[in-house]
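Spelled out from the first residue to the last, the chains are:
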Amino acid sequence: MGGYSARYHAASLAAVFLALAIGILIGVGFGDDVVSGTTEDLEESLQNDVERARERTDELSRELNRERAFGDAVYPALVGGDLRGERVGLIALGALSDETADEVGAAIEPAGARLAQVAVVREPPDLGALADPLRGTRYSRLRRDPDDLADFAHDAGRGLVLGEGVARRVRAQLLSRFSGRSRAVDAVVVARQAPEDLEPEEADVNETFEDGLLDGIGAAGRPVVGVERTDAERSSIELFSSHDISTVDDIDLVAGRLALVSVLRGTEGDFGVKDTADELLPELIQPAGGAQ
């Protein structure tokens, strides 16, 4: 019985292995067909999905272009004359992109204003260059005393708006770019593109400098708005707000242009599409001289 049992088990195992081998061979051949078919079906499905997505993207792009064209067409009618005859100054901290300058012009010109002055403040400030023309003045220690630097920056910011004082004296050292006439403006737009990767000491100096400038700009007694585009890599909205300057974070949109004009007419707040905004638009003020 023992020999029979051993032969029986051996035969059973052989049958099992044979069945497994046959199954594997069959499965491989059949599986290739299944996998191949599944891959083709998946590829076709994905291609269809991509094609539908492209069509939807094109449709949305056309809709967006139509909305922009409509906004551009009606914008002059919405702001016509709101800022008639006003001279607006654009002060940029650090650098100014052509896009931002163009957006500011596109916002104010249909409202009857003109960009009378563009000043780009050099950052970080060149304290050595500033010290020479300030020798013998109350700012003579600005290289060593943060309080003197803050006082200078405050008076320089105010002077840039009013076209007077120390800002005129050190314009060449203070600014990297200037256009227009150095005289008082009726309203101010502030933009910012601060330098990156400053050493800690430079960063501290630049922070003191910017804080003083923004306080001085606000102290000039003119309407002020801090602006940036929706695609700004580093937002300056919170910095502007911390100095009680109203803001618009979407100057590249029609809504942002409307908000800018409204702020320059006296509205206060933070407007736009980013988390720092209170709302998209201010309550629109009736144009001066309009129907009551």
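This one's a predicted model, so the numbers in the text were calculated from it and none came from an experiment.

### Considerations on the overall build of the protein chain
Within the protein chain one finds 9 helices and 7 strands. Within the protein chain, the fraction of its 292 residues that count as buried is 37%. Sequence-distant contacts in the protein chain: of pairs separated by 6 or more residues, those separated by 24 or more amount to 66%. On the protein chain, roughly 16500 Å² of surface is accessible, and the fraction owed to carbon and sulfur atoms is 50%.

### As for the sheet that holds strand β6 (residues 246-248)
On the basis of which strands lie adjacent, the open sheet formed by 7 strands has the order β3-β2-β1-β4-β5-β6-β7 and mixed pairing. Looking at which strands have only one partner, the edges of the open sheet turn out to be β3 (175-180) and β7 (270-271).

### Section: the packing of helix α4 (residues 146-162) against helix α7 (residues 200-219)
Taken N-terminus to C-terminus, the directions of α4 and α7 make an angle of 40°; their axes are 6 Å apart at the nearest point. The angle between the axes of α4 and α7 places the two elements in the oblique class. Here α4 runs over α7; the crossing is right-handed. Along its contact with α4, which presents Pro 146, Leu 149, Ala 150, Phe 152, Ala 153, His 154, Ala 156, Gly 157, Arg 158 and Val 161, the element α7 presents Val 205, Thr 208, Phe 209, Gly 212, Leu 213, Asp 215, Gly 216, Ile 217 and Ala 219. Its residues assigned to classes, the contact of α4 with α7 shows 12 nonpolar, 5 polar and 2 charged.

### As for the packing of aromatic side chains
Under the counting rule described, the total for this entry stands at 1 aromatic pair. Between the aromatic rings of Tyr 139 and Phe 152, the centroid separation amounts to 5.7 Å while the plane-to-plane angle is 70°, which identifies the pairing as edge-to-face. Of this pair, Tyr 139 sits in the loop between α3 (127-131) and α4 while Phe 152 sits in helix α4, placing them 13 residues apart in sequence. The class for Tyr 139 is buried, based on a relative accessible area of 10%. When the ring centre of Phe 178 is taken as reference, the NZ or CZ atom of Arg 171 above it lies at 4.4 Å. In this arrangement the basic side chain of Arg 257 is found over the ring face of Tyr 75, its NZ or CZ atom lying 5.9 Å from the centre.

### Things to note about the packing of helix α2 (residues 98-108) against helix α9 (residues 254-264)
The geometry of α2 relative to α9 is characterised by a closest axis approach of 9 Å and an angle of 65° between their N-to-C directions. As judged from the angle between their axes, α2 and α9 are roughly perpendicular. Judged by the twist between their axes, the crossing of α2 over α9 is right-handed. The segment α2 lies against α9, with Glu 103, Ala 106, Ala 107 and Ile 108 engaging Arg 257, Leu 260, Val 261 and Leu 264. Taken together, the residues of the contact of α2 with α9 sort by class into 6 nonpolar, no polar and 2 charged.

### Points about the side chain of Asp 252
Of note, Asp 252 is situated in the loop between β6 and α9. Salt bridges are absent for the buried Asp 252, whose nearest opposite-charge side chain, Arg 229, sits at 4.2 Å. Within the structure, the side chain of Asp 252 is placed 2.6 Å from the side chain of Thr 230, a separation counted as a polar contact. Setting aside anything within four residues of it in sequence, one finds Asp 252 in contact with Glu 103, Arg 229 and Thr 230.

Scoring rules and cut-offs
- Residues numbered from 1 in each chain as written.
- Predicted model: local features only at pLDDT ≥ 70, side-chain atom pairs only at ≥ 80, totals over all residues.
- Heavy atoms only, no water.
- Helix = DSSP H or I, 4+ residues; strand = E, 2+ residues; numbered from the N terminus.
- Buried < 20%, exposed > 50% of the residue type's maximum accessible area, 1.4 Å probe, protein only.
- Contact = heavy atoms within 4.5 Å.
- Areas by Shrake-Rupley, 256 points an atom, 1.4 Å probe, with all protein chains shown as cover.
- Pairing = 2+ DSSP bridges.
- Axes fitted to C-alpha atoms, helices over the stretch in contact; angles between N-to-C directions.
- Parallel < 35°, antiparallel > 145°, perpendicular 65-115°, else oblique.
- Left-handed = near helix turned anticlockwise from the far one by under 90°.
- Nonpolar A, V, L, I, M, F, W, Y, C, P; charged D, E, K, R; others polar.
- Phe/Tyr/Trp six-rings, centres within 6.5 Å; stacked < 30°, edge-to-face > 60°.
- Lys NZ or Arg CZ within 6 Å of the ring centre and 35° of its normal.
- Lys, Arg positive; Asp, Glu negative; His and termini not counted.
- Salt bridge = Lys/Arg side-chain N within 4 Å of Asp/Glu carboxyl O.
- Polar contact = N/O pair within 3.5 Å; in protein donor to acceptor, adjacent residues only side chain to side chain.

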